[in-house]
Amino acid sequence: MREIEAKKITDAVKTLCIEANTNLSADVEEALNKALKNETSPNGREIIRQIIQNAEIARKEKLPICQDTGTAVVFLQLGQDVRLINSTLTEAVNEGVSLGYDKGLLRKSIALDPLRRKNSGDNTPAVIHTEIVPGDNIRIGLLCKGGGAENKSAIKMFKPTSSKEEIEQFIIETVKNAGPDACPPYIVGVGIGGNFDTVALIAKKALLRRVGQHSSAMDTVKWEKELLEKVNKLGIGPMGLGGKTTALAVNIETRPCHISSLPVAVNMECHAHRYAETTIS
Amino acid sequence: MLKPPLANKDIEKLNAGDRVLITGKIYTARDAAHQKFGNNPPFDIKGAIIYYASPTPTPSGKVIGSIGPTTASRMDTFAPALLDKGLKVMIGKGNRGQEVVAAIKKNKAVYLVVPGGVAALLSKHVKKSTVIAYPELGAEAVHELEVVDFPAIVAIDSKGRNVFEKS
């Protein structure tokens, strides 16, 4: 059993909040640069240039990439041989989010009650997903998820006999429905299988891969490539002004599911994909 | 170049797809502020520009934090009444509903878009920012912004032509 001060989690989460929001990760920037080379629409090219320029300003001046600094979605892999001391896991994470959003001058975007809409004031509570894993390390991933793209996400319970084409149509329709609204070029996270609850989670986890990194299953890799091509043929383009670049990636995660079910979830992500991770070892 | 307050003649010459630069006073308002003010906004609506946005906190030595657009269609239920009262320009991201397009045509107004997620870049065009109403809403308060050469694209013009439906 290894004792770890809960404060270490707080400090790590605080740093990740600021890092994710001000420093667009290299994989996204590389994908944007690649898209700029392929894009032929003048408007599309101009928007991609602005997105890249914005990332440079944000990094240099430590300004948030986007004013919607998101819901803090925290993915924890907690080693089963770790014993936290001096606080609880949830408190430590929320304290980190609170400090990070305060010190980093990030926008507080969480309403404490969905109907009364009072702002919590410090962007807590975070959404926390915890997995217990072997070992004595703590891996922390932080996705700062904007509201606009989240609003365009969708879930559908298919029949187990539904065809691959029907699933494909649902994915493409979801992107089409997001249209210009959710800040294209998108990253499209797709979950297939599991339950009503797990399918949404795996769709979100699909977003955590580095852009350009495909599934570990060979047949899924092929499907991801085909879907990306089809999505980009929609012509929505950067900011919805037309072009070849509607998405930077389509990532699919699958899970076993009930013989009666075939859940599919599509989690839309904007080009301002803010994800950072670290390990406490 | 658009300099509010705007008259019909300023609006009628704009065509969907045009790039424009805005200099002057514009007002931020999004969901919560719209719900509060209904069709009586806390600024002179005649010829005004509303920017669907709420900034990040202002760093010391700067005028404002990052400030990009939010999804405009969430304000579709509020927009027609404001257009009837003289609102001339709305700035946001994404497409608008039919009722807004109809109110835009009827009142000779225009809907502009700015790229979502380039909020640090857009903050460079804001020279002054003052909260003029609902400070209790935090970032969602109504801000009066003085902008210079704020870049936008005409998405829906006063004739109802829509850049998103062309593409």
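Owing to the predicted nature of the structure, the values given are computational and were not obtained by experimental measurement. (Residues numbered from 1 in each chain as written. Chains lettered and ligands numbered in written order. Predicted model: local features only at pLDDT ≥ 70, side-chain atom pairs only at ≥ 80, totals over all residues. Heavy atoms only, no water.)

Comments concerning the overall build of chain B
Along its length, chain B carries 6 helices and 6 strands. Secondary structure of chain B in N-to-C order comes out as α-β-α-β-α-β-α-β-α-β-β-α. Over its C-alpha trace chain B gives a radius of gyration of 14 Å, about what one expects of a compact globule, namely 15 Å for 167 residues. Over its C-alpha atoms, taken along the principal directions, chain B stretches across nearly 45 × 30 × 25 Å. Counted over contacts in chain B with a minimum sequence separation of 6, partners at least 24 positions apart contribute 62%. Working note: accessible area of chain B is about 6300 Å², and carbon and sulfur atoms make up 52% of it. (Helix = DSSP H or I, 4+ residues; strand = E, 2+ residues; numbered from the N terminus. Rg over C-alpha atoms; globule rule 2.2 N^0.38 Å. Contact = heavy atoms within 4.5 Å. Areas by Shrake-Rupley, 256 points an atom, 1.4 Å probe, with all protein chains shown as cover.)

Structural notes on a nonpolar patch on the surface
Nonpolar side chains collect at one region of the surface, where Ile155(A), Met157(A) and Phe196(A) lie side by side and expose about 300 Å² of accessible area between them. Its location among the elements puts Ile155(A) in strand β6 (residues 154–158). (Patch = residues over 30% accessible without salt bridge, like charges linked within 9 Å, V, L, I, M, F, W, Y side chains within 5 Å. Salt bridge = Lys/Arg side-chain N within 4 Å of Asp/Glu carboxyl O.)

Comments concerning the sheet that holds strand β4 (residues 127–133) of chain A
Residues and elements named next belong to chain A. Strand order in the open sheet formed by 4 strands is β4-β2-β5-β10, with mixed pairing between adjacent strands. The sheet is open, and its two edges are formed by β4 and β10 (274–280), each paired on a single side. When the angles between neighbouring strand axes are averaged without regard to direction, this sheet yields 15 degrees. Relative to β10, strand β5 (residues 138–145) runs antiparallel, the two sharing 7 bridges. Looking at β10, one finds that Ile140 is bridged to Thr278. In the packing of helix α4 (residues 89–103) onto the sheet, the strands contacted are β2 (71–79), β4 and β5, and the crossing angle to β2 comes to about 140 degrees. (Pairing = 2+ DSSP bridges. Axes fitted to C-alpha atoms, helices over the stretch in contact; angles between N-to-C directions.)

Thoughts on the interface of chain B and chain A
How big an interface is tends to be stated in terms of the accessible area lost upon association of its parts. Facing 36 residues of chain B, the contacting portion of chain A comprises 31 residues. For the pairing of chain B and chain A, the buried interface totals around 2600 Å² over both sides, and the portion due to carbon and sulfur atoms is 62%. The largest per-residue losses of area from chain B upon contact with chain A belong to Pro57(B), Gly117(B) and Leu121(B), which jointly make up 19% of the total buried on that side. For the pair chain B and chain A, the number of links is 2 salt bridges. One salt bridge connects Lys124(B) with Glu61(A), and the closest N-O pair in it is separated by 2.5 Å. On inspection of chain B and its partner chain A, the count reaches 16 residue pairs in polar contact (both at pLDDT 80 or more). Going through the elements one at a time, α5 (119–123) and α6 (163–166) of chain B are the ones with two or more residues in the side of chain B that touches chain A. With 4 residues, the top contributor of residues to the side of chain B that touches chain A is α5(B). (Buried area = accessible area lost by both parts, 1.4 Å probe. Polar contact = N/O pair within 3.5 Å; in protein donor to acceptor, adjacent residues only side chain to side chain.)

Observations regarding the sheet that holds strand β9 (residues 262–269) of chain A
In any sheet, the strands associate via hydrogen bonds between backbone groups, in a parallel or an antiparallel arrangement. All names here are of chain A. As summarised here, the arrangement of the 4 strands in space is β6-β9-β7-β8, forming an open sheet in which the pairing is mixed. Sheet topology places β6 and β8 (247–255) at the edges, where each strand pairs with a single neighbour. Mean inter-strand twist for the sheet, computed between neighbouring axes without regard to direction, equals 15 degrees. As paired strands, strand β7 (residues 186–193) and β9 are joined by 6 bridges and run antiparallel to one another.

Overview of the domain arrangement of chain A
All names here are of chain A. On domain assignment, one finds that chain A holds domain 1 (2–22 + 65–145) and domain 2 (148–272). Here the C-alpha centroids of domain 1 and domain 2 sit 26 Å apart. On the side of domain 2, 12 residues touch domain 1, which itself brings 9 residues to the contact. Buried surface at the junction of domain 1 and domain 2, both sides included, amounts to about 740 Å², of which 69% is carbon and sulfur. Counting the surface domain 1 buries against domain 2, the share from its top three residues, Phe75, Leu143 and Lys145, is 66%. Summed over the shared surface of domain 1 and domain 2, the result is 3 salt bridges. A salt bridge links Glu150 to Lys145; the shortest N-O distance between them is 2.8 Å. For the pair domain 1 and domain 2, the interface holds 3 residue pairs in polar contact (both at pLDDT 80 or more). Sorting the residues of the side of domain 1 that touches domain 2 by element identifies β2, β4 and β5 as the ones contributing at least two each. Partitioned by chemical class, the residues of the side of domain 1 that touches domain 2 number 5 nonpolar, 1 polar and 3 charged. (Domains from an automatic or database assignment. Nonpolar A, V, L, I, M, F, W, Y, C, P; charged D, E, K, R; others polar.)

As for helix α4 (residues 98–107) of chain B
All names here are of chain B. All of the buried residues in α4 are Val100, Val101, Ala103, Ile104 and Asn107. One side of α4 holds all its buried residues, which, seen down the axis, span an arc of 165 degrees. Exposed side chains of α4 directed beyond 90 degrees from the buried face belong to Gln98 and Lys106. Residues of α4 that are buried sit in contact with α1 (8–12), α3 (79–84), β3 (89–92), β4 (110–113) and β6 (142–156). A positive phi of about 50 degrees marks Lys108, the residue just after α4. (Buried < 20%, exposed > 50% of the residue type's maximum accessible area, 1.4 Å probe, protein only. Arc of directions from axis to C-beta.)

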